[in-house]
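# Overview (structure and organization)
Listed below, chain by chain, are the residues.
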Amino acid sequence: MLLLGIILLVIGLVTGISILWTIGLILAVIGAVLWIMGSMGRSVAGRRHYW
């Protein structure tokens, strides 16, 4: 999710399509939060690790 968010951010920035940039930002933030929670050893959605 984090990688998809970053890809959409770059595509939105290069092409100037603001909706892609916004969706990419949201996905990157959600992916970062899930990654941090998973790396802290906290269960995320019933899984010990999130990837």
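Cut-offs applied
- Residues numbered from 1 in each chain as written.
- Predicted model: local features only at pLDDT ≥ 70, side-chain atom pairs only at ≥ 80, totals over all residues.
- Heavy atoms only, no water.
- Helix = DSSP H or I, 4+ residues; strand = E, 2+ residues; numbered from the N terminus.
- Buried < 20%, exposed > 50% of the residue type's maximum accessible area, 1.4 Å probe, protein only.
- Contact = heavy atoms within 4.5 Å.
- Expected span 1.5 Å × (residues − 1).
- Arc of directions from axis to C-beta.
- Axes fitted to C-alpha atoms, helices over the stretch in contact; angles between N-to-C directions.
- Parallel < 35°, antiparallel > 145°, perpendicular 65-115°, else oblique.
- Left-handed = near helix turned anticlockwise from the far one by under 90°.
- Nonpolar A, V, L, I, M, F, W, Y, C, P; charged D, E, K, R; others polar.

## Quick look at the overall build of the protein chain
When its secondary structure is counted, the protein chain shows two helices and zero strands. The 51 residues of the protein chain split such that 22% are buried. Taking all contacts inside the protein chain whose residues are at least 6 apart in sequence as the whole, residues at least 24 apart take part in 25%.

## Some points on helix α1 (residues 2-15)
The end-to-end C-alpha separation of α1 is 20 Å, in line with the 20 Å expected for 14 residues at 1.5 Å each. When α1 is considered as a whole, its buried residues turn out to be G5, L8, L9 and G12. Along the long axis of α1, the arc covered by the buried residues comes to 105°, so they all point the same way. Exposed residues on α1 whose side chains face more than 90 degrees from its buried face are L3 and V14. Those residues of α1 hidden inside the fold are in contact with α2 (18-39). With its phi angle positive at about 85°, G16 sits one or two positions after the end of α1.

## Some thoughts on α2
For α2, built from 22 residues, the straight-helix expectation of 32 Å at 1.5 Å per residue is met to within 8% by its first-to-last C-alpha distance of 31 Å. Along α2, the positions that sit buried rather than exposed are G24, L27, A28, G31, L34 and G38. For α2, the buried positions fall inside an angular range of 135° around the axis, keeping them on one side. Looking one or two places after α2, you find G41, whose phi comes out positive at around 85°.

## So, the packing of α1 against α2
For the pair α1 and α2, interaxial distance at closest approach is 7 Å and the crossing angle is 155°. In this view, α1 runs roughly antiparallel relative to α2, as classed from their interaxial angle. Every pair of crossing elements has a handedness; the one defined by α1 and α2 is left-handed. On α2, the residues touching L2, L4, G5, L8, L9, I11, G12 and L13 of α1 are L20, W21, I23, G24, L25, L27, A28, G31, A32 and W35. Of the residues that constitute the contact of α1 with α2, the class distribution is 14 nonpolar, four polar and no charged.

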